[in-house]
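Below, each chain spelled out in residue letters.
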Amino acid sequence: MTSDAIEPDEKDWTWVLREPCPECGFVAAAADPAGAGSAIGAHVERWQRVLVRPDAARRSRPDRWSDLEYACHVRDVFAVFTGRIDQMMAEDPAHFANWYQDAAAHDGDYAHADPARVAGDLAVEGDRLSGALARVGDGDWQRRAVRSNGSTFTTATLVQYLLHDLEHHLVDVGA
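The following refers to the structure shown. (Residues numbered from 1 in each chain as written. Predicted model: local features only at pLDDT ≥ 70, side-chain atom pairs only at ≥ 80, totals over all residues. Heavy atoms only, no water.)

## Focus: the overall build of the protein
Moving on, step 1. Helices and strands together make up the secondary structure of the protein, namely 5 helices and 3 strands.
Moving on, step 2. Counted from the first residue to the last, the protein has its helices and strands arranged as α-α-β-α-α-β-β-α.
Moving on, step 3. The C-alpha radius of gyration computed for the protein amounts to 16 Å, which stays within 12% of the reference 16 Å derived for 175 residues, consistent with globular compactness.
Moving on, step 4. Each of the three principal axes of the protein carries a C-alpha extent, and together these read 45 × 30 × 30 Å.
Moving on, step 5. Taken over 175 residues, the protein has a buried fraction of 47%.
Moving on, step 6. The long-range fraction of contacts in the protein, counting pairs at least 24 apart against all pairs at least 6 apart in sequence, stands at 76%.
Moving on, step 7. Here the protein displays about 8,700 Å² of accessible surface, and carbon together with sulfur accounts for 50% of that area.
Moving on, step 8. For the protein, the separation between the mean place of its 17 positive charges and that of its 29 negative charges on side chains is 1 Å. (Helix = DSSP H or I, 4+ residues; strand = E, 2+ residues; numbered from the N terminus. Rg over C-alpha atoms; globule rule 2.2 N^0.38 Å. Buried < 20%, exposed > 50% of the residue type's maximum accessible area, 1.4 Å probe, protein only. Contact = heavy atoms within 4.5 Å. Areas by Shrake-Rupley, 256 points an atom, 1.4 Å probe, with all protein chains shown as cover. Lys, Arg positive; Asp, Glu negative; His and termini not counted. Charge placed at Lys NZ, Arg CZ, Asp CG, Glu CD.)

## Comments concerning the sheet that holds strand β2 (residues 144–146)
Moving on, step 1. What the 3 strands build is an open sheet, ordered β1-β2-β3; its pairing is mixed. Two strands in the sheet have a free side with no partner beyond their single neighbour: β1 (94–95) and β3 (152–154).
Moving on, step 2. Here 2 bridges tie β1 to β2, and the two strands are oriented parallel to one another. Considered in β2, the bridge of His95 is made with Val146. (Pairing = 2+ DSSP bridges.)

That is the geometry; function is a separate question.
Pasting the structure below:
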């Protein structure tokens, strides 16, 4: 395990809503946002399998998070997106505060997390996110939101963006 900082990823990944991701192959625009809630459980199970790897806490390269750090990030993605979905159901348009994922990794000491605890937290946060998605009604998919950098989303595109993130990180860890 290491706590060495990873160079922050400052790319605006919203382009994945318009074109397939060449790194992971996911086509966000083709993803069904209404089915995302049921897909979350499968993601949790896949991440829990990643966390039992004997080398889950080891970085394979100095410029890449360990599998454990990625799992912590996904746990926090679940929590952030639960809040964003809830906010979109309450406000139209919603205005999202910036989430500094690299600061979250540092402040949350992802590199030294307990894999068993992270596995449990993934299940809890995944259930919360699935619950938030279950509350999105048919008429809510076009609600709007603006991220702090000016990127705009509908509820549908926010969920497609989420689904790409989840799939992409599974590819990052070879799962």
